[in-house]
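Residue-level structure breakdown
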Amino acid sequence: MSGITPDSAPKHFRTALAKVRGRGAAKSGTGDFWMQRMTSVAGVPLTIMAIVIGIFLLGRNQAAAAQILGSPLVGIIMLLFVICTVVHMKIGMQEIVVDYVPDESTKLTLLLANTFFCWSVGVISVYALLKLSFGL
Amino acid sequence: MADTLDRRAPVTRPISPHLQIYRLPLTLVMSGLHRITGFVLYFGMLLVCWWFLAAAQGPNAYAKFQWFAGSIIGQIVILGYTWSLIHHTLGGIRHLIWDTGRGFGPQEREWLAAATIIGSLALTFVVALIGYLAMGGSR
């Protein structure tokens, strides 16, 4: 099947272009592209700061780590780092999936899993950081 | 029509030149590494998430995290995560330079590729050394 005839061989002769012509632009074609650039620009300083904070916390006990991570500056930097990273990695993994997974149902499953994973990791991290700051 | 074509073209024959045909230029390897390190960092975020959560939960949870972080496997994972993070950041800076339309010349792109890998390895070494000393050297 994977020879020269793709699995998704069309059953008709209308081209993909002909089908969308006249419907206007989707208006959101560059949304992910632009968001990936914005989060990468923001990610450079945030990553450097996160690494510095990480080194600073090495070998400290929970009380000290909680105090430092719960301090306003460190807490806000880490919150920004997490949110920026989670947005960036969701778009990145989405790009990997659409590049390498041709099967439609597998692709949709993985895209769904990607969204769930990124939201979960992001929300759990933000929850933990807010708890450290406010002691909820 | 499709059936005839299918029988005539063996599936194993390369249809167009692909990875196995080319020598691996440094720029290609760096392109691949950027994606691979991004993939690694995706799951590495679980580690960061666990770290924050353990700190928020209390001494017992944090002790479990520290036990893992201090184990051989934990050390390898953290070192791998650190290198991936630094490499992906430097690779990202390279992409941002390209986004401005600069750095596409034959020497420039080779230089940028070399700077990415040499920079990431050197910075990871420095970070690991500082971390090692911060942990009290050889315990």
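A brief structural summary. (Residues numbered from 1 in each chain as written. Chains lettered and ligands numbered in written order. Predicted model: local features only at pLDDT ≥ 70, side-chain atom pairs only at ≥ 80, totals over all residues. Heavy atoms only, no water.)

What to know about the nonpolar core
- Among the nonpolar cores identified, the biggest contains 49 residues, and A:Leu69, A:Met78, B:Met45 and B:Phe52 are the most heavily contacted of them.
- Among the elements of the structure, α2 (31-57), α3 (62-69), α4 (72-100) and α5 (104-134) of chain A together with α2 (26-57), α3 (59-70) and α4 (72-99) of chain B are those that each provide at least two residues to this core.
- The leading source of residues in this core is α4(A), at 12 residues.
- Setting aside its immediate chain neighbours within four residues, A:Leu69 contacts A:Leu57, A:Val74, A:Gly75, A:Met78, A:Leu132, A:Ser133, B:Phe52 and B:Ala55. (Core = buried A, V, L, I, M, F, W, Y, C linked by side-chain atoms within 4.5 Å. Buried < 20%, exposed > 50% of the residue type's maximum accessible area, 1.4 Å probe, protein only. Helix = DSSP H or I, 4+ residues; strand = E, 2+ residues; numbered from the N terminus. Contact = heavy atoms within 4.5 Å.)

Side note on the packing of α2(A) against α4(B)
- With their axes 10 Å apart at the nearest point, α2(A) and α4(B) run at an angle of 145 degrees to one another. Between α2(A) and α4(B) lies a crossing of left-handed hand. For the pair α2(A) and α4(B), contact is made by A:Arg37, A:Ser40, A:Val41, A:Val44, A:Thr47 and A:Ile51 and by B:Leu85, B:Ile86, B:Thr89, B:Ile93, B:Leu96 and B:Asp99, respectively.
- Its residues placed into classes, the contact of α2(A) with α4(B) shows seven nonpolar, three polar and two charged. (Axes fitted to C-alpha atoms, helices over the stretch in contact; angles between N-to-C directions. Left-handed = near helix turned anticlockwise from the far one by under 90°. Nonpolar A, V, L, I, M, F, W, Y, C, P; charged D, E, K, R; others polar.)

Details of the interface of chain A and chain B
- Contacts between the two partners involve 43 residues from chain A and, on the opposite side, 35 residues from chain B.
- Here chain A meets chain B over a buried area of about 3,400 Å², counting both sides, of which 77% is carbon and sulfur.
- The interface formed by chain A and chain B holds three salt bridges in total.
- Here A:Glu95 makes a salt bridge to B:Arg35, at a shortest N to O gap of 3.7 Å.
- For the interface between chain A and chain B, the tally reads seven residue pairs in polar contact (both at pLDDT 80 or more).
- For the side of chain A that touches chain B, the elements supplying multiple residues, two or more each, are α2, α3, α4 and α5 of chain A.
- Class assignment of the residues belonging to the side of chain A that touches chain B gives a composition of 25 nonpolar, 13 polar and five charged. (Buried area = accessible area lost by both parts, 1.4 Å probe. Salt bridge = Lys/Arg side-chain N within 4 Å of Asp/Glu carboxyl O. Polar contact = N/O pair within 3.5 Å; in protein donor to acceptor, adjacent residues only side chain to side chain.)

Geometric descriptors of this kind do not, in isolation, establish any biological role.
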